[in-house]
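Observations on the model geometry
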Amino acid sequence: MTVNRRLLGWTSAATAAALLWSAGPALANGTPGNTTTPPHKDKPTGDADGRNLMASVTHSSIQVTYPGGHTEKGSLDDLTSVDPNWEPPVCWYEPVFTPEALKKAVESGESGAVNAHEWWSNGIFVDHYDKGEPEDNFDLSSAKNSTADGYKNYNVGKKGMFWRSVVRKGHESDTKAWDCGRIMFWQDAGTIPDDKHAPTPETLAAYAYDKIQVPETKVELRPEGKSTVNLPTWIWLDKGTFKEVKVRAELPNTGLWAETTAKPVSLHLEPGTDDADTYPASGECEINDDGSIGTPYKKGDADRTPPCGITYLRATNGEPYPLKASVTWQITWEGTGGANGDLPNGTFETTQDVNVQEIQSVNR
């Protein structure tokens, strides 16, 4: 392994990330090598900046749109998967350079990241992509490194693009990021790499999962302000507050796309004390067809059992009960070529204080 030729010391992912983030931008705009596009009328808008593709290992070209529009009030946190063992892929490969764009970047004196772990000087780019010298891949998941054949004149005149690894933002030091260790490689136009870390519609569906924003889960309570011991507190959410949220992710120059849909299916209540009964007993209030949850309280309902609510059995003494309300979102996706599937349900939880007074009779 020709470690002395590279600018990056291969001691740890943290060292790699630090060096990569200290680098300046490089040029990477060019004519797309693949022209297949998904059947969608909206033009995607993403946060990818082609000029930074060589400088940042987390700078994905995936473009995200919201077919149904953004929610009026988005959460401040991401959905939490109900499966603690599931997460979107940590790394994958993407097309980043046409031959002409790579040649232009190198000839302008640029250096940059050749995969998620290595930072090459301008000279090594010339040796490998222009003069055809072989180079080692860098893959700690393999028993030994493989060797990548070199290229002549950056493959100018051929139809296709050079692909490079991308790491999900915030996971630069994750050991799984080392799985995508191939140095930037060529892929013919209209084809996807034969590699287990090549992007798929499901990869994009999981990427879109990370971009889902859902409404805040603040429920309506009656009575407001203070509940009463042994009398039910009605809980509901108005219709239309919770509706499907769609996020579409597309990877340019590949024809790959996926649309991930989050559909609210239930509201779970945790009273904040064991001295309480929930309605239903499971604490799971189903979401109605119109997007509402429960039924709004009406005058005269004080002694009725609410379809969604809580009866507190003990008063608060200066310390309110922390009522937790979490909405479960069912996650499905569809994508290129009719691909489709399910992803783990997501939840979003908020907490609001409830005071309970020690009054046995009240006029409502």
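Residues numbered from 1 in each chain as written. Predicted model: local features only at pLDDT ≥ 70, side-chain atom pairs only at ≥ 80, totals over all residues. Heavy atoms only, no water.

Before going further, it helps to spend a moment on helix 4 (residues 201-209). Burial runs high along helix 4: 8 of the 9 residues are buried. For helix 4, the set of buried residues is Pro201, Thr203, Leu204, Ala205, Ala206, Tyr207, Ala208 and Tyr209. (Buried < 20%, exposed > 50% of the residue type's maximum accessible area, 1.4 Å probe, protein only. Helix = DSSP H or I, 4+ residues; strand = E, 2+ residues; numbered from the N terminus.)

Right, let's get into the confidence of the model for the protein chain. In low-pLDDT regions, the fine details of the predicted coordinates are not to be read closely. The predicted model of the protein chain has a mean per-residue pLDDT of 80, with 78% of residues at 70 or higher. Averaged pLDDT values for the elements of the protein chain fall to 35 in helix 1 (residues 13-21) and rise to 98 in strand 9 (residues 185-188). Under a pLDDT of 50 for its full length, residues 1-5 has, in the predicted model, 10 contacts with residues more than four places off or in other chains. (pLDDT = per-residue confidence, 0-100. Contact = heavy atoms within 4.5 Å.)

Here the focus is the environment of Ala113. Among the secondary structure elements, Ala113 is positioned in strand 4 (residues 112-113). In the structure, Ala113 is positioned 71 residues away from Met184 in sequence and 8.9 Å away in space, judged by C-alpha atoms.

The topology assignment puts Thr260 in strand 14 (residues 256-270). Classification of Thr260 by relative accessible area gives buried; the value is 0%. Polar contacts involving the side chain of Thr260 include one to the main-chain carbonyl oxygen of Ala205, which spans 2.9 Å. Thr260 has contacts with Ala205, Ala208, Tyr209, Ile212, Val245, Lys246, Val247, Ile331, Thr332 and Trp333, leaving out every residue within four places of it along the chain. (Polar contact = N/O pair within 3.5 Å; in protein donor to acceptor, adjacent residues only side chain to side chain.)

A separate point is helix 2 (residues 99-107). Buried residues of helix 2: Pro99, Ala101, Leu102, Ala105 and Val106, and no others. One side of helix 2 carries all its buried residues, which in axial view fall inside an arc of 165 degrees. Turned more than 90 degrees off the buried face of helix 2, the exposed positions are Lys104 and Glu107. Looking at the buried positions of helix 2, the neighbouring elements they touch are strand 3 (91-97), helix 3 (122-130), strand 8 (160-167) and strand 9. (Arc of directions from axis to C-beta.)

On the basis of which strands lie adjacent, the open sheet formed by 4 strands has the order 10-12-17-15 and antiparallel pairing. For this open sheet the edge positions go to strand 10 (220-222) and strand 15 (276-279), each flanked by a neighbour on one side alone. Adjacent strand axes in the sheet meet at a mean angle of 20 degrees when their direction is disregarded. Judged from the 3 bridges that link them, strand 12 (residues 232-236) and strand 17 (residues 309-312) form a sheet pairing that is antiparallel. Bridging across to strand 17, Trp234 finds its partner in Gly309. (Pairing = 2+ DSSP bridges. Axes fitted to C-alpha atoms, helices over the stretch in contact; angles between N-to-C directions.)

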